[in-house]
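Next come the chains, spelled out residue by residue.
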Amino acid sequence: MTDNIVVFSGHAHRSFAHELCDILGVELSPSRLTRFSNDCMQVQLRANCRQKDVYIVQPLVPPTQENLMELLMMVDAARGASAAHVNVVMPHYAYARSDKKDAPRISLGGRLVADLLSAAGATRVVTMALHAEQVHGFFSVPVDHLTALPVIASHFKSLDLSNAVVVSPDFGNAKQANNFARMLGVGVAAGSKRRQADDKVVIDTVVGDVAGKDAILLDDEIATAGSIVTLIEKLRDLEVKSLSVACTHGLFTGQAVERLNALDCVQEVVTTNTVPQDKPIDHLTVLSVAPLFGEAIRRIHDGESVSVLFSDIDTYGE
């Protein structure tokens, strides 16, 4: 396997790329990013790519546009270097939230970025926890869509779950919350959420039995933490016994750190390393999904099923 695989990394999350390479048993190949005097970037891949299976690791995290452009140029460089396959390993796809026309004359960024990756030369995308299922269909190349739910569930299974309930901030994430609850063998509830702005939501009620329960709040992504904090306030009014928070993509942007640290009722905040975790969140637990990506890459390389990794839950893969 290692003879024909070459792994490069952009600057977005090099520690993840190094961990992934350790799992695969390959060296992280060098690349160079330079800028011209007019601020235009230039990328050079400094290892042989000819007829190799090239994997480029780059989540789309802030500065998102910088990291996206670097990724596109790395993909283009690999195609120009006669790579047999150019696989984009994107643990976090930021533009997945731009997935519908909910206002006049707006762009569908999720589809546009997918088209850009294909035009640059990507032949496959490996990603995790897209914001909505339809985003998978934006890509014209094969997509292996991984889920971190088994990894997060394994963490919580070590705790006392006899009084636990999984709570989704909204009905849109209720399917994933239900899958997660089934893994833990507990009940599920969901908030009735209305979004008033990017960082402002209203949760009118919570559907499900939560009073006196140990609530595990599950979301796919926490950015400004507006939804989670609003849900926590609602659950406190409903007299839950304890509160824990879990998500796949812990971005913690804007006032998220201050908002979460101000809540002394939260016992633990659990997230994964799909994005760099360098924010001072109290009671933060970071779980690695690099082994899951490593196993997916091994299966892709050997022509084995990736979806079998999640055959016991309602999810999908190639």
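Up top is the structure these notes are about.
Each chain carries its own residue numbering, running from 1 in the direction its sequence is written. With pLDDT at 70 or above as the cut-off, local features in this predicted model cover only qualifying residues; side-chain atom pairs require 80 or more to be listed or tallied, and sums for whole chains, interfaces and linings still use all residues. Side-chain calculation: all heavy atoms of the structure are included, whereas hydrogens and water are not.

What to know about the overall build of the protein chain
Runs of H or I in DSSP of at least four residues are treated as helices and runs of E of at least two as strands, each being numbered from the N terminus. Check the secondary structure of the protein chain and you find 8 helices and 14 strands. It is over C-alpha atoms that the radius of gyration is taken, and the globule rule equals 2.2 Å times the number of residues to the power 0.38. Taking 2.2 N^0.38 as the reference for a compact globule, 318 residues should give roughly 20 Å; the C-alpha atoms of the protein chain span a radius of gyration of 20 Å, in line with that estimate. The principal-axis extent of the C-alpha atoms belonging to the protein chain is close to 60 × 40 × 35 Å. Buried, partly exposed and exposed residues are distinguished by accessible area as a fraction of the type maximum, computed with a 1.4 Å probe on protein chains only: under 20%, between the cut-offs, and over 50%, respectively. Residue burial in the protein chain is summarised as follows: out of 318 residues, 52% are buried. Residue contacts follow a heavy-atom distance rule, with two residues in contact if any of their heavy atoms lie within 4.5 Å. Restricting to contacts in the protein chain with at least 6 residues of sequence separation, those with at least 24 account for 64%. Exposure was quantified through the Shrake-Rupley algorithm and a 1.4 Å probe, taking into account, for residues, occlusion by the shown protein chains and nothing else. If you sum the accessible surface of the protein chain, you get close to 14000 Å²; carbon and sulfur atoms cover 47% of it.

Focus on the nonpolar core
Here, the term nonpolar core denotes a set of buried Ala, Val, Leu, Ile, Met, Phe, Trp, Tyr and Cys residues that are joined through side-chain atoms within 4.5 Å. Counting residues in hydrophobic clusters, the biggest one holds 44 residues, and the most contacted among them are Val7, Leu146, Phe180, Leu184 and Phe293. Considering every element that reaches this core, the biggest residue donor is helix H8 (residues 290-302), with 6 residues. Beyond its immediate sequence surroundings of up to four residues, Leu184 is in contact with Ala153, Phe156, Lys157, Leu161, Val166 and Ile216. Within the second largest apolar cluster, 33 residues are counted, among which are Val75, Val88, Ala122 and Leu130.

Examining the packing of helix H1 (residues 14-24) against H8
Here an angle of 0 to 180 degrees is reported between the N-to-C directions of two axes, which are lines fitted to C-alpha atoms, with helices fitted over the stretch in contact. Between H1 and H8, the shortest axis-to-axis distance is 9 Å and the interhelical angle comes to 50 degrees. Taken as axis vectors, H1 and H8 run oblique relative to one another. Crossing of H1 against H8: the hand is right-handed. Along its contact with H1, which presents Phe16, Glu19, Leu20, Ile23 and Leu24, the element H8 presents Ala290, Pro291, Phe293, Gly294 and Ile297. Only Asp, Glu, Lys and Arg are considered charged, only Ala, Val, Leu, Ile, Met, Phe, Trp, Tyr, Cys and Pro nonpolar, and every remaining residue, Gly among them, polar. Residues that form the contact of H1 with H8 fall into these classes: 8 nonpolar, 1 polar and 1 charged. When describing relative orientation, an angle under 35 degrees is termed roughly parallel and one over 145 degrees roughly antiparallel, while 65 to 115 degrees is termed roughly perpendicular and anything else oblique. The handedness criterion is simple: a crossing whose near helix is rotated anticlockwise from the far helix by less than a right angle is left-handed, and one whose near helix is rotated clockwise is right-handed.

Observations regarding the environment of Met41
When you line up the elements, Met41 lands in strand E3 (residues 41-45). In this structure the C-alpha to C-alpha distance between Met41 and Cys21, which are 20 residues apart in sequence, comes to 26 Å. Setting aside chain neighbours within four positions, we find Met41 in contact with Leu33, Thr34, Arg35, Phe36, Glu66, Met69, Glu70 and Met73.

Notes on the pattern of salt bridges
Here, a salt bridge means any Lys or Arg side-chain nitrogen found within 4 Å of an Asp or Glu carboxyl oxygen. Under the counting rule described, the total for this entry stands at 12 salt bridges. The partner of Asp39 in a salt bridge is Arg35, with the nearest N and O atoms 3.3 Å apart. Residues Arg299 and Glu304 are paired through a salt bridge, measuring 3.6 Å at the closest nitrogen-oxygen approach. Residues joined in a network through salt bridges with shared partners are Glu295, Arg298, Arg299, Asp302 and Glu304.

Overview of empty space enclosed by the protein
With a probe scaled to a water molecule rolled over the atoms, the places where space remains empty come into view. Definitions used for this entry: grid spacing 1 Å over protein atoms alone; cavity, a set of points where a 1.4 Å probe fits but cannot get out; pocket, an open set with protein on both sides within 12 Å along at least 5 of 7 lines; lining residue, one with an atom within 4 Å of a point. Grid points are joined across faces, edges and corners, and a volume is the space filled by probe spheres set on the points. Tallying each qualifying case throughout the model produces 1 cavity of 30 Å³ or more. Here the largest cavity is characterised by a volume of approximately 40 Å³. Taken together, the residues that form the lining of the largest cavity break down as 5 nonpolar, 3 polar and 2 charged.

A look at the packing of helix H4 (residues 149-156) against helix H5 (residues 174-184)
Describing two packed helices takes the angle between their axes plus the distance from one axis to the other. Taken N-terminus to C-terminus, the directions of H4 and H5 make an angle of 45 degrees; their axes are 10 Å apart at the nearest point. In terms of axis orientation, H4 runs oblique to H5. At the point where H4 passes H5, the crossing takes the right-handed sense. Taking contact as the criterion, the partners of Leu149, Pro150, Ile152, Ala153 and Phe156 in H4 are, on H5, Gln176, Asn179, Phe180, Met183 and Leu184.

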